[in-house]
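# Chains, contacts and geometry: an overview
Residues per chain, in single letters:
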Amino acid sequence: MAEYARAISFVLDNQVVTIDFNDNNALKPSTTVLNYLRSFETHKGVKEGCAEGDCGACTVVLAETDCRGNLEYKSFNSCLLFLPMLHGRQLITVENLAREVNGKQQLHPVQQAMVEAGGSQCGYCTPGFIMSLFALYKKHRNPTRETIENALTGNLCRCTGYRPIIDAAAKACAGEDHDAFTKNSEMVVDLLNSINQNKQTLELKGRDQLYLKPFTLEEALLLRKKYPEALIVNGSTDAALLQTKKNIHLPQILDISAVNDLKFTVEDHRQLAIGAGVSLQEVLEFCQTRMPVLADMLAVFGSLQIRNLATLGGNIGSASPIGDSLPVLIASESKIRLADTEGWREMTVENFITGYRKTAIRPDEIITFIIIPKPRSGEIIKSYKISKRRDLDISSVSAGFKLKINKKGIIEKALLVYGGMAEMTKRASSAELFLTGKSWTRSNAEEAARLTENEFSPISDARAEAGTRKIMARNLLIKFYEETSEV
């Protein structure tokens, strides 16, 4: 095993910043980027609203080099980022946007557009909006209204309202990208390359915490075997909440988010293969035409900031009883590849989930990729989500349905998978059995829907009453029939 590096380095304010946690008693490796920035007088534009990724007041932008060596800019909730996740990236806050030109402050185009459109009142949420708009500005020229709204779903405003902010986005992103970040990109790329040329595994220690960050799958598997009790982090959208909301000390963390061997997407005529480290936003974009049923579900999965951080492997591994991707993956009969230092094994996603927040993963294994079969002739598949808000909300009930219907119109196989109805994502077995061998008719769909009421014993919580969840489960199956009866 190679020698470990003991410090992280990243670019902030156009300079390389290095943090050795052994020499800094104020910080531990799992300190969030939000709390780190708030410790500086010069970076207090980032705000803490919810500390769980819901409000967007803490939004920052991270830039890193893509496969062509160009800078790619993405928005993130800094309350969910652990400091080591900055390693080899540029951290950009609202203070970095304006520039001094001839002794006068020159606002960034997104800031200037916000001023001219009257998009800010109290100002608490404004820095987060500005950073989301900045990420939009760096990726899209003349974006559609849908693209603008998608970029802003992770930012909440209760003063101005969204119309002037949307107007500001459209105005700022019209025309060419000619900001100072484009002019300075070569310098930043050189700084990042100087950091990233060293691919030593990071072993970070501070305040009774061990944080391990490998860059290859081989190293990740060796560390997994050596530290089987370490919490695996691939996106930290769940893990960060253990610390910020439950005040749980995380003694050992294995952060595999920088393992490029887990970041790939490939397809053939039969299936898709998606690395466990691919972000949900990248999965959404990849599946848009290849697997629309999964893309549709991910489009209402959190916000853009959340999807930029969360990974498909992390979502499966968390084994959430809601787990919006899980009903679709189980309904599509997807499999996962698990690896350890000795080899690998495959199993269905359905069999991988064994209970509430429990899986069949072994203490020395890592999820490496997910295999998703493409729908075949005669198969119809749909996904659904019911929540109190359309965007950035946890499901009350989610579902993935698939029917295989032969040329005679008879259902040969039915998969009816629900999230939010039990302690884990679960199939409606009696309804599936009833439909098998029958025609896809309204009366049969209604009877199958009725059978789902006795399949589950959901709980009542802040998102829905138990009885309401049963009604939702039943009605989703009827909706599925209405949308597919002519197929």
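So, a few notes on the structure that sits alongside this text. (Residues numbered from 1 in each chain as written. Predicted model: local features only at pLDDT ≥ 70, side-chain atom pairs only at ≥ 80, totals over all residues. Heavy atoms only, no water.)

### Here we look at the packing of helix H4 (residues 145–152) against helix H5 (residues 163–172)
For any two helices packed against each other, one specifies the inter-axial angle together with the distance between the axes. Interaxial distance between H4 and H5 falls to 10 Å at its minimum, and their mutual angle equals 115°. Taken as a pair, H4 and H5 cross one another with a handedness that is right-handed. Only Ile 165, Ile 166, Ala 169 and Ala 170 of H5 make contact with H4, whose side of the interface consists of Arg 145, Ile 148, Glu 149 and Leu 152. Residue composition of the contact of H4 with H5, by class: 6 nonpolar, no polar and 2 charged. (Axes fitted to C-alpha atoms, helices over the stretch in contact; angles between N-to-C directions. Helix = DSSP H or I, 4+ residues; strand = E, 2+ residues; numbered from the N terminus. Left-handed = near helix turned anticlockwise from the far one by under 90°. Contact = heavy atoms within 4.5 Å. Nonpolar A, V, L, I, M, F, W, Y, C, P; charged D, E, K, R; others polar.)

### Describing the pattern of salt bridges
As a working rule, side chains carrying opposite charge can pair if their charged atoms are close by. For the structure on display, the rule yields 34 salt bridges. The shortest N-O distance in the salt bridge between Arg 68 and Asp 66 comes to 3.2 Å. Judged by relative accessible area, which is 62%, Arg 68 ranks as exposed. With its nearest N and O atoms 2.3 Å apart, the salt bridge here joins Lys 171 to Glu 116. With a gap of 55 residues between them, Lys 171 in helix H5 and Glu 116 in helix H2 (residues 109–117) connect regions that are remote in the sequence. Judged by relative accessible area, Glu 116 falls into the partly exposed class, the value being 48%. (Salt bridge = Lys/Arg side-chain N within 4 Å of Asp/Glu carboxyl O. Buried < 20%, exposed > 50% of the residue type's maximum accessible area, 1.4 Å probe, protein only.)

### Some words on H2
Within H2, burial applies to Val 110, Gln 111, Ala 113 and Met 114. The buried residues of H2 occupy one face: seen down the axis, they fall within an arc of 165°. In this fold, the buried residues of H2 make contact with helix H3 (126–139) and H5. Phi turns positive one or two residues past the end of H2, at Gly 118, with a value near 70°. (Arc of directions from axis to C-beta.)

### Focus on empty space enclosed by the protein
This model, assessed by the stated rule, comprises 2 cavities of 30 Å³ or more. Roughly 40 Å³ of internal volume is contained in the largest cavity. As for the largest cavity, its lining consists of 13 residues, of which Ser 120, Gln 121, Cys 125, Thr 126 and Thr 160 are closest to the centre. Looking at the lining of the largest cavity, its residues break down into 7 nonpolar, 6 polar and no charged. For the lining of the second largest cavity, the elements supplying multiple residues, two or more each, are strand S3 (59–65) and H3. Within the lining of the second largest cavity, the residues separate by chemical class into 7 nonpolar, 4 polar and no charged. (1 Å grid on protein atoms, 1.4 Å probe; cavity = no way out; pocket = protein on both sides within 12 Å on 5 of 7 lines; lining within 4 Å. Points joined across faces, edges and corners; volume = space filled by probe spheres on them.)

### Some remarks on the packing of helix H17 (residues 442–452) against helix H18 (residues 466–484)
Direction vectors running N to C along H17 and H18 enclose 160°, while the axes themselves pass 8 Å from each other. Classed by the angle they form, the pair H17 and H18 counts as roughly antiparallel. Seen from above, H17 lies across H18 with right-handed handedness. Judged by residue contacts, Arg 442, Ala 445, Glu 446, Ala 448, Ala 449, Arg 450 and Thr 452 of H17 engage Ala 473, Arg 474, Leu 477, Ile 478, Tyr 481 and Glu 482 from H18. (Parallel < 35°, antiparallel > 145°, perpendicular 65-115°, else oblique.)

### As for the pairing of strand S18 (residues 366–373)
Within S18, 7 of the 8 residues are buried, which leaves it mostly tucked inside the rest of the structure. When strand S14 (residues 335–340) meets S18, the two strands line up antiparallel, connected through 5 bridges. Paired with Ala 339 across the two strands is Ile 366, which belongs to S18. (Pairing = 2+ DSSP bridges.)

### Notes on the layout of surface pockets
In this structure, the second largest pocket spans a volume of roughly 1100 Å³. Lining the second largest pocket are 36 residues; nearest its centre among them are Glu 64, Lys 74, Asn 260, Lys 263 and Glu 282. Elements that contribute at least two residues to the lining of the second largest pocket include exactly S3, strand S4 (71–77), helix H10 (280–290) and helix H12 (304–309). With 4 residues, the single largest contributor to the lining of the second largest pocket is H10. Its residues assigned to classes, the lining of the second largest pocket shows 10 nonpolar, 14 polar and 12 charged.

### Some thoughts on the side chain of Ser 383
By secondary structure assignment, the location of Ser 383 is in strand S19 (residues 379–386). Since its relative accessible area comes to 14%, Ser 383 is described here as buried. Those residues in contact with Ser 383, other than ones at most four positions away along the chain, are Val 293, Asp 296, Met 297, Val 328, Ala 399 and Gly 400.

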